[in-house]
Amino acid sequence: MSTNEPNIEEKYDFSAIQDRWLGIWDKLAPFNTADVPDDAPRKYVLDMFPYPSGDLHMGHAEAFALGDVLARYWRGQGFSVLHPIGWDSFGLPAENAAIKRGIDPREWTYQNIEQQKTSFRRYATSFDWSREIHTSDPEYYRWNQWLFLEMFNKGLAYRKDSPVNWCPNDQTVLANEQVVDGRCERCGALVTKKKLNQWYFKITDYADRLVDDLSLLEEGWQSKVLSMQRNWVGRSNGADVTFEIEGRAEPITVYTTRPDTLFGATFMVVAADADLAAELVAEADAETRIKFQDYLEEVKKANDIERQATDREKTGLFSGRFAINPVNGEKLPIWISDYVLADYGHGAIMAVPAHDQRDLDFAKAFDLPIRIVVDTEPVDGADAVVDPAESGIALPGAGKMINSGKFDGLTKAESIPAIIADLEERGLGHASKNYRLRDWLISRQRYWGTPIPIIHCGDCGEVPVPSSELPVRLPESAGLDLQAKGASPLGAAEDWVNVPCPTCGKPAKRDSDTMDTFVDSSWYFLRFLSANSEEVAFDVNEAKKWAPVDHYVGGVEHAILHLLYARFITKVLHDLGYVDFVEPFTALLNQGMVLMDGSKMSKSKGNLVEFAGELDAYGADALRVTMAFASPPEDDIDWADVSPAGAAKFLARAWRISKDVTTPSGSIADDGDRALRRETHRFLADAPALIESYKFNVVVARLMELTNVTRRAIDSGPGAGDPAVREAAEVLATALNIFAPFAAEDMWANLGFPAPVALVRWKDADPSLLVADSVTAVFQVNGKVRDRVDVAPDISAADLEAIALASEGVQRAIGEGQIVKVIVREPKLVNIAIKA
RNA sequence: GCCGGUGUGGCGGAAUGGCAGACGCGGAGCACUCAAAAUGCUUUGUUCGAAAGGACGUGUGGGUUCGAGUCCCACCACCGGCACCA
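These numbers come from a predicted model, not from an experiment.

A few points about the overall build of chain A
Scanning chain A for helices and strands turns up 26 helices and 34 strands. For chain A, the spread of C-alpha atoms along the principal axes amounts to about 105 × 90 × 50 Å. Residues classed as buried in chain A amount to 54% of the 836 residues present. Long-range pairs, those at least 24 residues apart, make up 73% of the contacts in chain A between residues at least 6 apart in sequence. As presented, chain A carries roughly 36100 Å² of accessible surface, and 49% of it is formed by carbon and sulfur atoms. Computed over 88 positive and 126 negative side-chain charges, the separation of the two mean positions in chain A equals 1 Å.

Next comes the structure, spelled out in structure tokens:
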């Protein structure tokens with residue numbers, strides 16, 4: 001097969017070029033990684049796999065362009081690069097579309113996949129298609145079930161009754177991570193609470209490691225994402241303190257981050273919706289019991305948005321009971337309120353109104369005592385500390401302890417360990433940590449997901465499906481009512497749901513819920529390593545060779561959810577002995593969004609830019625260059641501010657150089673024009689560091705510069721026959737390949753080489769060419785540039801100083817002034833400090 | 001409230017403490033054309049000046065330094081995360 005047929009076009013014609021190479025690339029399959037030698041240097045470059053809803057959009061166009069730049073770059077550096085693609089193809093939109101149109105979710109999903117696949121091919125993404133995966137295939141989701149059972153056997157998957165987030169619109173439960181501002185992340189409906197029996201993954205067991213291991217990612221992840229992850233886990237350090245309760249055998253434990261304020265506790269508060277509150281008032285007088293019932297009703301009615309409003313008035317009631325402060329034996333009234341949360345800490349707090357704003361608000365509302373126990377600095381430039389009882393402003397700052405018995409005089413830093421030690425000695429408390437993170441709720445009451453591989457038996461309880469019977473396939477959707485109704489549609493598939501118990505053989509029922517699709521995506525990067533294996537989820541040895549992922553590319557909208565789950569599952573797989581690393585993604589590139597006229601694109605706003613339309617108008621190369629050149633990758637791109645036509649113009653200029661070269665291939669570049677060669681090799685020397693630090697926009701700018709100087713060399717320099725021009729053109733083709741694969745391939749063919757240019761190793765920079773013949777020295781007077789002179793790069797400090805002092809511009813600037821000091825940084829700078 | 005980030009021409013953006021504005025978009029002028037588009041060339045931070053040449057200029061105010069967009073302190077604005085989390 002001849003891959004370098006002569007090009008007939010005399011002008012850059014992106015659509016002819018695309019047509020010419022697509023078919024050839026299909027046959028060459030240059031990105032297949034089936035037979036990589038064991039000792040080959042490797043990189044794993046992965047884009048977050050797409051959810052196949054309709055065609056690709058401009059956001060995909062950016063993310064996948066950038067991922068492809070990295071994959072192609074490392075190939076050019078001689079690495080074997082794994083750059084796979086798959087489809088996150090389970091999930092609600094397919095189901096909703098299916099309901100709306102009365103078709104199988106499978107049909108809708110796999111049609112969209114075909115469309116996106118076609119678009120990816122036209123976009124020249126360098127995927128290894130032999131490893132393609134679909135999470136909605138039984139061949140994939142059986143390994144979700146395998147993972148679930150591994151976790152079930154380790155006690156990391158469990159079922160519990162708990163109030164859960166419920167989306168009344170989608171009629172399914174939601175993970176905490178899917179509730180944003182009290183609303184369903186997907187549809188925006190107000191989320192309510194519902195008490196349900198649901199499956200959880202025990203991510204809280206890994207809370208400390210999920211925070212601590214972030215330090216391993218400081219090199220490769222944006223600090224923004226690290227802090228988002230840290231915030232989400234929400235670890236706080238403090239102490240558990242035990243309070244005896246009058247008339248109750250069991251004491252109550254509270255969690256506090258300020259044990260140093262223990263002497264300032266003047267009451268205790270129990271969360272209204274905690275079981276403890278109901279128990280405490282059970283023996284109270286009738287009036288209190290009725291008041292409590294009314295209050296509890298009120299609290300339950302409030303949705304999260306109302307409840308979370310921080311400027312709400314404090315409400316509550318006295319329980320009639322008292323606690324004993326362990327440090328001073330004082331009797332503290334126990335109050336009940338909804339400002340304390342039932343599911344954080346122990347659902348009860350010690351209230352220190354002088355030093356906590358919330359407690360102070362409550363104390364003032366119910367006229368409770370306020371006692372200062374920390375001598376804080378005055379705030380906001382005030383002369384003296386104002387009594388919180390007067391000002392209504394609590395004093396949360398640090399200071400020396402007062403009114404605290406034997407602890408008086410200690411600073412906050414000293415007193416916290418001292419008090420904890422004292423409590424510990426007396427068995428009344430200990431240091432403790434708390435987390436905002438909750439266990440990951442993974443059950444969903446919907447059809448289009450992975451069936452949970454558990455059989456419920458009246459006698460044996462929760463029985464795992466034997467691994468020989470995996471996968472538990474989804475029943476056909478035909479005949480099932482997929483309409484959201486709060487119970488899984490699978491429950492109605494009689495033939496499917498009724499099975500004998502694997503243990504005792506009696507009639508039993510399959511679990512009819514499906515898994516959260518974030519389970520699918522929490523380990524898919526490992527499935528690519530053995531995408532076609534029927535024996536294992538992934539081969540442990542392949543994981544040793546390829547994983548973890550070297551570059552993970554995707555939107556910052558997944559900075560919490562998906563990344564936290566993937567990190568968690570990776571640690572679980574590590575503990576189970578399947579992988580030898582603890583973090584899945586060594587480096588993370590979060591590209592910004594593609595906007596139009598300052599806002600997110602949407603059909604309803606009328607500012608939608610269609611991927612297919614741009615592709616037709618400018619071609620894949622111009623689109624990819626535009627994405628890379630627009631801004632640093634993390635920043636948003638406003639499509640109104642960029643110019644795909646400009647990118648196309650640049651590509652045409654670069655392409656034309658390859659047509660103009662007249663030197664035959666194999667000519668000796670050493671004989672070529674030195675100035676042009678220096679530019680070429682400066683590019684080769686600088687490009688790797690720029691790409692590896694994701695400064696793609698600068699690399700494109702440098703390619704434009706190289707194109708411009710080569711053009712000038714042809715038109716008004718040494719001419720098209722100079723070997724340096726050929727060298728520049730070859731470097732342009734190999735480097736441009738990472739941004740504009742079609743144009744680069746065509747240039748490579750124009751220069752007489754066979755496809756694919758994508759597997760050509762980049763030329764090394766020649767260090768001897770990086771030394772300039774002369775450099776421009778800058779002469780400053782008091783830091784202002786007054787003159788410039790070209791000098792030899794190895795000029796001595798004394799010579800340079802002499803030239804500077806003699807220069808006309810410097811003399812004029814010095815005038816009558818007196819020279820105080822001369823700084824010489826040969827060969828580039830002299831700065832003369834003068835006194836007027 | 002706590003934590004993190006960002007502020008540079010008309011616009012997107014460059015700049016190991018050493019020539020601010022690379023590269024591009026847009027604008028202006030010119031060439032080619034009957035004309036337009038496309039393409040090419042020149043020019044383009046603000047301001048004073050005929051020019052030569054000045055002055056000013058990286059959110060604001062201070063500081064360190066021979067020299068600051070870059071480092072330090074304080075502030076302002078915007079963006080993001082968390083938030084009655086004890």
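Comments concerning the protein's contact with RNA strand B
In the region of RNA strand B, 53 residues are neighbours, and Thr257, Arg358, Arg436, Ala630 and Asn831 sit closest. Within 4 Å of the protein, the contacting atoms of RNA strand B are drawn from sugar and phosphate to the extent of 64%. Contacts to RNA strand B include Arg786, whose side-chain N or O atom sits 3.4 Å from a phosphate oxygen. Between RNA strand B and Arg788 there is a distance of 2.6 Å, counted from a base oxygen to a side-chain nitrogen or oxygen. Ranked by residues supplied to the surface near RNA strand B, first place goes to helix α22 (residues 696–716) with six residues. For the surface near RNA strand B, the class distribution of residues is 20 nonpolar, 15 polar and 18 charged.

Overview of unusual backbone geometry
Going from Leu470 to Pro471, the amide bond is cis rather than trans, its omega being -5°. Considering the arrangement of structural elements, one finds Pro471 in the loop between β22 (461–464) and α14 (494–497). Of note, the bond from Ala547 into Pro548 is cis; its omega dihedral lies within 30 degrees of zero at -5°. By the element assignment, Pro548 lies in the loop between α17 (540–546) and β26 (551–555). The backbone of Gln171 shows a phi angle near 55°, a positive value even though the residue is not glycine. Position of Gln171 among the secondary structure elements: in the loop between β5 (157–167) and β6 (172–174).

Observations concerning the pairing of strand β33 (residues 818–825)
Where β33 and strand β34 (residues 829–835) come together, seven bridges link them in antiparallel fashion. For Arg825, the partnering residue across the bridge sits in β34 and is Leu829. Hairpin connection of β33 to β34: three residues between the antiparallel strands.

Side note on the packing of aromatic side chains
In this structure the tally under the stated criterion is 45 aromatic pairs. An angle of 70° between the planes, with centres 5.3 Å apart, marks the rings of Tyr206 and Phe568 as edge-to-face. Of this pair, Tyr206 sits in the loop between β9 (192–201) and α6 (207–212) while Phe568 is found in helix α18 (residues 561–575), placing the two residues 362 residues apart along the sequence. For the pair Tyr206 and Phe568, one class covers both residues: buried. In this arrangement the basic side chain of Arg142 is found over the ring face of Trp143, its NZ or CZ atom lying 4.5 Å from the centre. Over the ring of Tyr158 we find Lys202, and its NZ or CZ is 5.8 Å from the ring centre.

A look at the side chain of Ser136
Tracing the backbone through its elements, the reader meets Ser136 in the loop between β4 (133–134) and α5 (138–153). The exposure class assigned to Ser136 is buried, which follows from its relative accessible area of 4%. In terms of polar contacts, Ser136 uses its side chain to reach the side chain of Ser89, at 2.7 Å. The contacts of Ser136, once residues within four sequence positions are left out, are Ser89, Phe90, Tyr110, Tyr141 and Trp448.

Overview of empty space enclosed by the protein
Per the counting criterion, the structure on display carries one cavity of 30 Å³ or more. Roughly 40 Å³ of volume is contained in the largest cavity. Lining the largest cavity are Glu679, Arg682, Phe683, Arg702, Glu705 and Leu706. At the level of elements, α21 (674–692) and α22 are the ones that each hand at least two residues to the lining of the largest cavity. Its residues assigned to classes, the lining of the largest cavity shows two nonpolar, no polar and four charged.

Brief notes about the environment of Asn169
Mapped onto the elements of the fold, Asn169 is located in the loop between β5 and β6. Put simply, Asn169 and Ala189 are 20 residues apart on the chain and 6.3 Å apart in space, counted from C-alpha to C-alpha.

Things to note about a positive patch on the surface
Together, Lys649, Arg653, Arg656 and Arg712 make up a positively charged patch on the protein surface. Ranked by residues supplied to the positive patch, first place goes to helix α20 (residues 644–660) with three residues. Relative accessible area serves as the criterion here: at 38%, Arg656 is assigned to the partly exposed category.

A short note on the sheet that holds strand β27 (residues 588–591)
Strands sit in the order β2-β1-β26-β27 across an open sheet of four strands; the sheet is parallel. Looking at strand neighbours, the two that pair on one side only are β2 (80–82) and β27, the edges of this open sheet. Averaged over neighbouring strand pairs, the angle between their axes works out to 20° when direction is ignored. Taken together, the four bridges between β26 and β27 define a ladder with parallel strand orientation.

Concerning the layout of surface pockets
Of the voids in this model, the second largest pocket is the one considered here, and its volume is about 360 Å³. Along its surface, the second largest pocket is lined by 18 residues, and Trp25, Asp26, Thr125, Phe127 and Trp129 are the ones closest to its centre.

Considerations on helix α1 (residues 14–28)
What sets the pattern is the α-helix's 3.6 residues per turn: residues three or four places apart point alike. If you check α1, its first and last C-alpha atoms are 21 Å apart, about what 15 residues at 1.5 Å a residue would give, namely 21 Å. Restricting attention to buried positions, one finds in α1 the residues Ala16, Ile17, Gln18, Arg20, Trp21, Leu22, Ile24 and Trp25. The inward-facing, buried residues of α1 contact α4 (105–122), α19 (611–629), α20 and α24 (741–750). A positive phi of about 40° marks Ala29, the residue just after α1.

What about the sheet that holds strand β29 (residues 599–600)?
Spatial strand order, β29-β28-β30: three strands in an open sheet with mixed pairing. Both outer strands of the open sheet, β29 and β30 (637–638), are each paired with one neighbouring strand and no more. The sheet contact formed by strand β28 (residues 594–596) and β30 spans two bridges and is parallel. For Leu595, the partnering residue across the bridge sits in β30 and is Asp638.

What about the packing of α19 against α20?
Remark: α19 packs on α20, axes separated minimally by 8 Å, with the N-to-C direction vectors making an angle of 70°. Taken together, the axes of α19 and α20 lie roughly perpendicular to each other. Contacts between α19 and α20 involve Glu614, Tyr618, Asp621, Ala622, Val625 and Thr626 from the first element and Pro644, Ala645, Ala647, Ala648, Phe650 and Leu651 from the second. Considered class by class, the residues forming the contact of α19 with α20 number nine nonpolar, one polar and two charged.

A few points about the environment of Ile103
Within the fold, Ile103 resides in the loop between α3 (92–101) and α4. Separated by 18 residues in the primary sequence, Ile103 and Ile85 have C-alpha atoms spaced 27 Å apart. With residues near it in sequence (within four places) discarded, Ile103 still touches Ala98 and Trp108.

A few points about the nonpolar core
Phe148, Phe201, Trp440, Leu526 and Phe568 are the most contacted members of the largest nonpolar core, which has 94 residues in total. With residues near it in sequence (within four places) discarded, Phe568 still touches Met151, Phe201, Lys202, Ile203, Tyr206, Leu210 and Trp440. The next biggest cluster of nonpolar side chains, apart from the first, holds 91 residues, and it includes Val81, Ile113, Val625 and Phe650.

Rules used in this analysis
Residues numbered from 1 in each chain as written. Chains lettered and ligands numbered in written order. Predicted model: local features only at pLDDT ≥ 70, side-chain atom pairs only at ≥ 80, totals over all residues. Heavy atoms only, no water. Helix = DSSP H or I, 4+ residues; strand = E, 2+ residues; numbered from the N terminus. Buried < 20%, exposed > 50% of the residue type's maximum accessible area, 1.4 Å probe, protein only. Contact = heavy atoms within 4.5 Å. Areas by Shrake-Rupley, 256 points an atom, 1.4 Å probe, with all protein chains shown as cover. Lys, Arg positive; Asp, Glu negative; His and termini not counted. Charge placed at Lys NZ, Arg CZ, Asp CG, Glu CD. Near = heavy atom within 4 Å. Polar contact = N/O pair within 3.5 Å; in protein donor to acceptor, adjacent residues only side chain to side chain. Nonpolar A, V, L, I, M, F, W, Y, C, P; charged D, E, K, R; others polar. Pairing = 2+ DSSP bridges. Phe/Tyr/Trp six-rings, centres within 6.5 Å; stacked < 30°, edge-to-face > 60°. Lys NZ or Arg CZ within 6 Å of the ring centre and 35° of its normal. 1 Å grid on protein atoms, 1.4 Å probe; cavity = no way out; pocket = protein on both sides within 12 Å on 5 of 7 lines; lining within 4 Å. Points joined across faces, edges and corners; volume = space filled by probe spheres on them. Patch = residues over 30% accessible without salt bridge, like charges linked within 9 Å, V, L, I, M, F, W, Y side chains within 5 Å. Salt bridge = Lys/Arg side-chain N within 4 Å of Asp/Glu carboxyl O. Axes fitted to C-alpha atoms, helices over the stretch in contact; angles between N-to-C directions. Expected span 1.5 Å × (residues − 1). Parallel < 35°, antiparallel > 145°, perpendicular 65-115°, else oblique. Core = buried A, V, L, I, M, F, W, Y, C linked by side-chain atoms within 4.5 Å.

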